[in-house]
Amino acid sequence: MVMQRPQLTRAGIAFALYLHHLISAIEVPLDLPQPPTITKQSVKDYIVDPRDNIFIECEAKGNPVPTFSWTRNGKFFNVAKDPKVSMRRRSGTLVIDFHGGGRPEDYEGEYQCFARNDYGTALSSKIHLQVSKSPLWPKEKVDVIEVDEGAPLSLQCNPPPGLPSPVIFWMSSSMEPIHQDKRVSQGQNGDLYFSNVLLQDAQTDYSCNARFHFTHTIQQKNPYTLKVKTKKPHNETSFRNHTDMYSARGVTETTPSFMYPYGTSSSQMVLRGVDLLLECIASGVPAPDIMWYKKGGELPAGKTKLENFNKALRISNVSEEDSGEYFCLASNKMGSIRHTISVRVKAAPYWLDEPQNLILAPGEDGRLVCRANGNPKPTIQWLVNGEPIEASPPNPSREVSGDTIVFRDTQIGSSAVYQCNASNEHGYLLANAFVSVLDVPPRILAPRNQLIKVIQYNRTRLDCPFFGSPIPTLRWFKNGQGNTLDGGNYKAHENGSLEMNMARKEDQGIYTCVATNILGKAEAQVRLEVKDPTRIVRGPEDQVVKRGSMPRLHCRIKHDPTLKLTVTWLKDDAPLYIGNRMKKEDDGLTIYGVAEKDQGDYTCIASTELDKDSAKAYLTVLERPDRPRDLELTDLAERSVRLTWIPGDDNNSPITDYIVQFEEDRFQPGIWHNHSSYPGSVNSAVLSLSPYVNYQFRVIAVNDVGSSLPSMPSERYQTNGARPEINPTGVQGAGTQKNNMEITWTPLNATQAYGPNLRYIVRWRRRDPRGSWYNETVKTPRHVVWNTPIYVPYEIKVQAENDFGRAPEPDTVIGYSGEDYPKAAPTDVRIRVLNSTAIALTWTRVHLDTIQGQLKEYRAYFWRESSLLKNLWVSKKRQYVSFPGDRNRGIVSRLFPYSNYKLEMVVTNGRGDGPRSEVKEFPTPEGVPSSPRYLRIRQPNLETINLEWDHPEHPNGVLTGYSLRYQAFNGSKTGRTLVENFSPNQTRFTLQRTDPISRYRFFLRARTQVGDGESIVEESPALLNEATPTPAYTKNHVDIATQGWFIGLMCAIALLVLILLIVCFIKRSRGGKYPVRDNKDEHLNPEDKNVEDGSFDYRSLESDEDNKPLPNSQTSLDGTIKQQESDDSLVDYGEGGEGQFNEDGSFIGQYTVKKDKEETEGNESSEATSPVNAIYSLA
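Residues numbered from 1 in each chain as written. Predicted model: local features only at pLDDT ≥ 70, side-chain atom pairs only at ≥ 80, totals over all residues. Heavy atoms only, no water.

A.B. asks: Describe the sheet that holds strand 65 (residues 729-734), listing the residues and the values that go with them.
C.D. replies: Ordered by their spatial adjacency, three strands build an open sheet running 65-66-69, and the pairing between neighbours is antiparallel. At either end of the open sheet lies a strand with only one pairing partner, and these are strand 65 and strand 69 (782-786). The sheet shows a mean angle of 10° between the axes of neighbouring strands, direction not considered. Pairing analysis gives four bridges linking strand 65 to strand 66 (residues 740-746), with the strands arranged antiparallel. Looking at the pairing, Thr-729 lines up with Thr-746 of strand 66. (Pairing = 2+ DSSP bridges. Helix = DSSP H or I, 4+ residues; strand = E, 2+ residues; numbered from the N terminus. Axes fitted to C-alpha atoms, helices over the stretch in contact; angles between N-to-C directions.)

Here you go:
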């Protein structure tokens, strides 16, 4: 981490910027009368673009507002007469418009601006206006230049004179830049110099190009073509690799000589303040080196720079001390030569004491001083209001003495603008300074009640600009104290500023500045606040991380809490874009999934309005290496080749290994295999090769981050063939059927075949009795021998062979022909019961001749036939237990107790099971039962707990009862354990609680004659008020829902709501009743909407088309459709078998058909959805 501590805070920087104001002259407020002051003007040497309009600037201030006029070439320039020329409003700036035509060259010349008002005239500098020129290159024919190899050469440019001078550069006619070095380089005059010419220089042509600034055009000179005469034609490769190319070319080596400047000495004059460029270009074979020295001392420190391959020495901002003799030394192995340059420094005029505006009160004295220096010494000329002071009216209060004008006893009306002109042969200076005679009481020009904030221990300045005439005296006071602040930590300046060398916390307070003259006084207050500095207490640190990781860059900051803090991050000194992979936090920056592009410098900048601090760290991202390139095969041999490659970039993590892979195009084309690996420090290796392989190689680089992409493949290399050197491995013989033997092996790969037409010689014979060898030649890694006896051993050999010969004699392996099912079953199977879940088996083994293969195991198949308990269903799924090897005993476990089992045994080989033994039956004794299926706990009130459980899923015997253990607990406290025993048929129990606050934990077990089974554990649910237990909970605290008064209140409310519903329904259903028909046998047709002798209103909140009864049918209250009969009774319509009538004899019932009979029968509350049902329920 690099902590960057700026020497200046923002306030300090501002202090440095305003430092010159501390000694500047006092400004006259613009609301007071004053002569003109030039505020803006064009440069003295003003070059303009001929394609644009011309603007010659001249602006001034004054009171009254100045008026402007111009001279051109010393004569009055009448702006009004030229329609192309105008003057900006309230400004003296000239605008020359060429949109309507005209030649800019017609307006070249020397311009001067005059700004006038009632109190004087101010002048601008003389502005020399020139129009930019970019003349064409003169046509010329360039001949072929013949030159001897090793000779010096200069190609002249001679560009056309432009204004300003063009930029020169050399290119070929195909616009390729000419390569420059210490042998070939461009001089300051634009020429191209060859210290010595080589044959390769004739491979291109050379054209000088001039780029003109204003027109942005490039002009190209006709190209030079070189013809280099040489003594030895040469091969380019051998020329490059030769240790001394000149001797290899037959070029004579020569001592240096200067091509520019000529001779052994020269002189150069330079003006003070500009850059001096000294140049030495030398020829010689080999090209010489240039070194620079100053006679009698060192080169100017801090201002010199070597350029153009040390052929040029630049000294910036030349001063008189830089005069003297400089010499350049050109040397090669043949010798050296030097050239001396005498440098003379002249100077255009420069100010020593520039005249400043003079403000005087009536009767005061003053002076204007104009002192300048230069080489030669400049002459001083005074003017007043633009006229030579000698020609102005006499002024008895004014006396001119060389570079000083003295004023005595000035009076109002003596105001004027004086000009001082200092000139010599190299230039001139012109300064305006007015004399203003005013009578003004003090005034403070700054805003009232300023607030200045400064960082502790920084230098600061309190400003109090003021004005008055006579010039007031200004004093500073702190917090109303009577002592003037000046000295020690304070320094008061003439312009009213109070400077503090170091602001401390005790310097906070209110400062008052008081300006006083004979006409009165004025004051202003400035409040100073001293703030704590901003500091990064933990900045980012240099990190080396792997690609994809999540680095964090810290930036913990301490700052003044009253200042707003801004934290910004830079990457490589440019603002950092915070994307979705980055998270900026108060104390740092986190980068998620860092990538190679995230590598670089990270700078944390903590800034407030007053100061800032920064810290920088470098983040290095480790990446997988770039792929190797440019693979080359050399040293080609019968069984080896040298592979060379160029390593790729290691991406900040050193390469640890190189993996060489190969691919061949015969056996597995397109498949790459690892060949060998090498340390990361090598880039060349000798590879061992196999015969008859068409190799192609590639290389992978490995570092700690991972592997690179594979390199591009090398060229192919084919090796010659040979007989195989090894035989197949993994040879084995095994039968797939009872009358065969399949011989298989692992085939040779591409690098083991060693030749074309690879094949395998397979040989086999019976081992016992030993028979004759059979053989077969195959190309696939498999051969099947048929008609073999059952499971007999064979000797097997597999030998590789190609067109070049056979491999060495192979080893013999033993294989077996196919197996058949065993022919015999185990006998004399005996069972001994060990416990309720396990038995012990013994049996007589079968004879080995009956196995007909390799004995794998004996198996006992068993299944549960029934339970000894009545009416208990059991699964009869067959299971088996394996007893590997040739053995005659074993144990069968995990049986169900109290059950009837059957068992049979077989012997097994590789083909399968043999015949089964006779079935044996056996019972298992009783065991302990499993846990009850469930245990449910209910708490109807605070006094009782109801328990209910179910029988065990596996009784494992005759149940003799249940045992219940329980205990009360409250948090970590537990009560004593109580036990209850129940009969086997009991599955319910009610516990009377003795403690209404505690919970209970229950352990329930079933038992048989053998003992208790597994227990099921449950806990009583928590009470509603258990979350906020009270220390004294008694039986008086009962559930409100069980109180009679509460039940009565709820019933009354329900009755009132029901009556309201009935009233609402009656109002909506007026006319809903129907009179009983006279003819009871007459069918009621719901579709007969209008009946003359009465109306039938068929209403239901659930009625729709699906709910309409069929014609000639009626709906019963249970939702069924009954056929109309002549002897039907109204009872048939009642839900409970009893019809109910109103006093008028009408019957109220339900005529709503339910969509689902089961819904009607199973959900009685659904009928309440109909208002008719509600009426019926009350009737």
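Still more ground to cover, so stick around.
A.B. asks: Outline the state of the cysteines, listing residues and values.
C.D. replies: The final tally for this structure, using the stated rule, is six disulfides. Here Cys-157 connects covalently by a disulfide to Cys-208, the sulfurs 1.9 Å from one another. Residues Cys-157 and Cys-208 share a disulfide whose torsion about the S-S bond is about -65°; that sign makes it left-handed. Placement of the pair is Cys-157 in the loop between strand 14 (153-155) and strand 15 (167-171) and Cys-208 in strand 18 (residues 205-212), with a sequence separation of 51 residues. What makes Cys-157 buried here is its relative accessible area of 0%. For Cys-208, a relative accessible area of 1% puts it in the buried group. With a sulfur-sulfur separation of 1.8 Å, Cys-555 is cross-linked through a disulfide to Cys-604. What sets the handedness of the Cys-555 and Cys-604 disulfide is the S-S torsion sign, and at about -70° it is left-handed. (Disulfide = S-S within 2.5 Å. Buried < 20%, exposed > 50% of the residue type's maximum accessible area, 1.4 Å probe, protein only.)

A.B. asks: Hey, could you go over the sheet that holds strand 38 (residues 427-437) for me, with residue numbers and the actual values?
C.D. replies: With mixed pairing, five strands are arranged side by side in an open sheet as 30-38-37-33-34. Pairing within the sheet leaves two strands with one partner each, and these edge strands are strand 30 (358-360) and strand 34 (387-388). Taken together, the three bridges between strand 30 and strand 38 define a ladder with parallel strand orientation. Across the sheet, Leu-360 pairs through a bridge with Val-437, a residue of strand 38.

A.B. asks: I'd love a proper account of the packing of aromatic side chains, names of residues and values included.
C.D. replies: On inspection of all chains with the given rule, the structure shows 25 aromatic pairs. An angle of 55° between the planes, with centres 6.4 Å apart, marks the rings of Tyr-490 and Tyr-511 as tilted. Taken together, the positions of Tyr-490 in strand 44 (residues 490-492) and Tyr-511 in strand 46 (residues 509-517) put the pair 21 residues apart, joining distant regions of the chain. Neither Tyr-490 nor Tyr-511 differs from the other in exposure class; each is buried. Arranged with centres 5.5 Å apart and planes meeting at 40°, the rings of Trp-843 and Phe-883 form a pair that is tilted. One end of the pair, Trp-843, is in strand 74 (residues 838-844); the other, Phe-883, is in strand 76 (residues 879-884), and 40 residues separate them in sequence. Look at Trp-843 and you get buried, because its relative accessible area is 4%. Grouped by ring-pair contacts, the aromatic residues Trp-949, Tyr-962, Phe-982 and Phe-989 constitute a single cluster. One residue, Arg-272, lies across the ring of Tyr-350, its end atom 3.7 Å from the ring centre. Here the basic side chain of Arg-911 rests over the ring of Tyr-821, its NZ or CZ set 5.0 Å away from the ring centre. (Phe/Tyr/Trp six-rings, centres within 6.5 Å; stacked < 30°, edge-to-face > 60°. Lys NZ or Arg CZ within 6 Å of the ring centre and 35° of its normal.)

A.B. asks: Let's hear about unusual backbone geometry: which residues, and what values?
C.D. replies: For the bond from Tyr-260 to Pro-261, the omega torsion is -10°, close enough to zero to count as cis. Mapped onto the fold, Pro-261 is located in the loop between strand 21 (254-260) and strand 22 (265-271). Omega for the peptide link from Val-285 to Pro-286 comes to -5°, which places this bond in the cis form. Tracing the backbone shows Pro-286 in the loop between strand 24 (281-285) and strand 25 (289-294). For Asp-828, which is not glycine, the phi dihedral falls at a positive 55°. With respect to the helices, strands and loops of the structure, Asp-828 is situated in strand 73 (residues 827-835). Of note in the backbone geometry, Arg-894 takes a positive phi value of approximately 60° without being a glycine. In this structure, Arg-894 sits in the loop between strand 77 (889-892) and strand 78 (899-909).

A.B. asks: How would you summarise the environment of Thr-990 if you had to cite specific residues and measurements?
C.D. replies: Position of Thr-990 among the secondary structure elements: in strand 85 (residues 988-992). The exposure class of Thr-990 is partly exposed, given its relative accessible area of 43%. In this structure, the C-alpha to C-alpha distance between Thr-990 and Ile-937, residues 53 residues apart in sequence, is 9.7 Å. Beyond its immediate sequence surroundings of up to four residues, Thr-990 is in contact with Thr-944, Ile-945 and Asn-946. (Contact = heavy atoms within 4.5 Å.)

A.B. asks: Got a sec to walk through the pairing of strand 6 (residues 67-72)? Specific residues and values, please.
C.D. replies: In this structure, strand 6 lies alongside strand 10 (residues 109-117), joined through six bridges in antiparallel fashion. Bridge assignment links Phe-68 to a residue of strand 10, and that residue is Ala-115. The pairing of strand 6 with strand 7 (residues 75-77) spans three bridges and is antiparallel. Looking across to strand 7, one finds that Trp-70 is bridged to Phe-77. Here strand 6 hands over to strand 7 after two residues, with Asn-73 in that stretch at a positive phi of 55°.

A.B. asks: How would you explain the nonpolar core if you had to name every residue and give the values?
C.D. replies: With 31 residues, the main nonpolar core has Ile-56, Trp-70, Leu-94 and Tyr-111 as its most contacted residues. Looking at this core, the elements that each hand over two or more residues are strand 3 (45-48), strand 4 (54-56), strand 5 (58-63), strand 6, strand 9 (94-96), strand 10 and strand 12 (127-131). Of all hydrophobic cores here, the second largest spans 21 residues; its members include Leu-462, Cys-464, Leu-474 and Leu-485. (Core = buried A, V, L, I, M, F, W, Y, C linked by side-chain atoms within 4.5 Å.)

A.B. asks: Break down the pattern of salt bridges for me, with residues and values.
C.D. replies: In this structure the tally under the stated criterion is 63 salt bridges. With its nearest N and O atoms 2.7 Å apart, the salt bridge here joins Glu-307 to Arg-314. Given the relative accessible area of 22%, Glu-307 is considered partly exposed. Among the residues examined, Arg-314 registers a relative accessible area of 26% and is labelled partly exposed. (Salt bridge = Lys/Arg side-chain N within 4 Å of Asp/Glu carboxyl O.)

Coordinates in, geometry out; function isn't part of it.
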